[in-house]
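# Architecture at a glance
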Amino acid sequence: IHGGNVGFHQRLWQGQIAAGVDPAVRFTYTSHDGEEGYPGRLDVAVTYTLTAADGVLIDYEAATDRATPVNLTNHAYFNLAGGGDVTGHEVRIAAGTYTERGDEGLPTGAILPVAGTPLDFTMAKPLAADIGKLEVGYDHNFVLDDGGSSEAVFAAEVFEPGSGRVMQVLTTQPGVQLYTSYYLHDHTGKGGRQYGQWQALCLETQHYPDSPNQPDFPSVILRPGERYRQTTEYRFSVR
């Protein structure tokens, strides 16, 4: 959604049922050279699979004919209580460091420890514990301890005590953005229910924001002959 004035979420994708044991759908889209200012033709595919482990598995693929930045993610909002604010949700993130947030939310380039800050989710805690210490709540990129692997590994867990619902996030990406919907005002969700500030959270697995301008961050440049592949799974259970 941040890839230009008309992001991929506003484009018409082609969908088809994907072959496999579990139910899945595969969406494809071609972004032509120069669209939103990006160089090269980019062929993108995203496959959503409902798994036997009560998960939603998202597989991303892309190829290009010119070097171009690619950093795809999912921006779904979650409220495990089904309504109300999410400050009672307990969150754990497998990250001992984060990218420092600078002007307009962009990273400064510094990677800092979470210890002793409101961003320390190495042990589960409710969002309410520290969200009031941050000007816009949580809208930060966490550097995953085991991120960037070829196989999806544990990144985060959310627990909602009232319902007992649990959501685990596994990913191959090096980072995850926790966003607590500060800028969400009277958004209409499924069934016409209104969601506002603090009433939903996102866990957006990704490469670090502003990576093209930060040489010390993992590269997001995809080159001809390479294949972009990333996987994220949102897995649900009850405790």
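In what follows, the accompanying structure is described. (Residues numbered from 1 in each chain as written. Predicted model: local features only at pLDDT ≥ 70, side-chain atom pairs only at ≥ 80, totals over all residues. Heavy atoms only, no water.)

## Regarding the sheet that holds strand 16 (residues 202-206)
The condition is simple: Two strands qualify as a pair provided that DSSP identifies no fewer than 2 bridges between them. Helix and strand labels come from DSSP, where a helix needs a run of H or I of at least four residues and a strand needs a run of E of at least two; each type is numbered from the N terminus. Whenever a helix is involved, its axis is fitted only over the stretch in contact; in every case the axis is a line through C-alpha atoms, and angles between N-to-C directions fall within 0 to 180 degrees.
Overall, antiparallel pairing links the five strands, which are arranged 8-7-10-13-16 in an open sheet. Two strands lie at the open edges of the sheet, namely strand 8 (107-113) and strand 16, each paired on one side alone. Adjacent strand axes in the sheet meet at a mean angle of 30 degrees when their direction is disregarded. With four bridges connecting them, strand 7 (residues 97-101) and strand 8 associate as antiparallel partners. Residue pairing for strand 8: Tyr98 is matched across the bridge by Leu112.

## Looking at the pattern of salt bridges
Selection rule: A pairing counts as a salt bridge when a side-chain nitrogen of Lys or Arg comes within 4 Å of a carboxyl oxygen of Asp or Glu. Classification of residues uses two cut-offs on accessible area relative to the type maximum, computed with a 1.4 Å probe and protein chains only: under 20% is buried, over 50% is exposed, and between them is partly exposed.
Under the criterion given, the structure shown has 12 salt bridges. For Arg66, the salt bridge is made with Asp33, and the minimal N-O distance between the two is 3.3 Å. On the criterion of sequence distance, the pair formed by Arg66 in the loop between strand 4 (55-64) and strand 5 (68-69) and Asp33 in the loop between strand 2 (24-31) and strand 3 (42-50) is long-range, its members being 33 residues apart. For Asp33, a relative accessible area of 49% gives the class partly exposed. It is possible to trace a salt-bridge network through shared partners that takes in Arg26, Glu61, Arg227 and Arg229.

## Structural notes on the sheet that holds strand 3
Pairing is antiparallel in the open sheet, where nine strands are placed in the order 1-2-3-4-18-12-11-6-9. Bordering the open sheet on either side are strand 1 (14-17) and strand 9 (125-126), each of which pairs with just one other strand. Sheet topology places strand 6 (residues 90-93) next to strand 11 (residues 153-160); four bridges connect them, and they run antiparallel. The partner of Val91 across the bridge, within strand 11, is Val158.

## Focus on the packing of aromatic side chains
Note the cut-off: We call Phe, Tyr and Trp rings a pair once their centres come within 6.5 Å, taking the six-membered ring for Trp, and we label the pair stacked below 30 degrees between planes, edge-to-face above 60, and tilted otherwise.
Applying the stated criterion to the full structure yields 12 aromatic pairs. Measuring from ring centre to ring centre gives 6.2 Å for Phe78 and Phe236, while their planes differ by 45 degrees; the resulting arrangement is tilted. Of this pair, Phe78 sits in the loop between strand 5 and strand 6 while Phe236 sits in strand 18 (residues 228-238), and the two are 158 residues apart along the sequence. Here the aromatic rings of Phe121 and Tyr138 are separated by 5.1 Å at their centres, their planes lie at 65 degrees, and the arrangement is edge-to-face.

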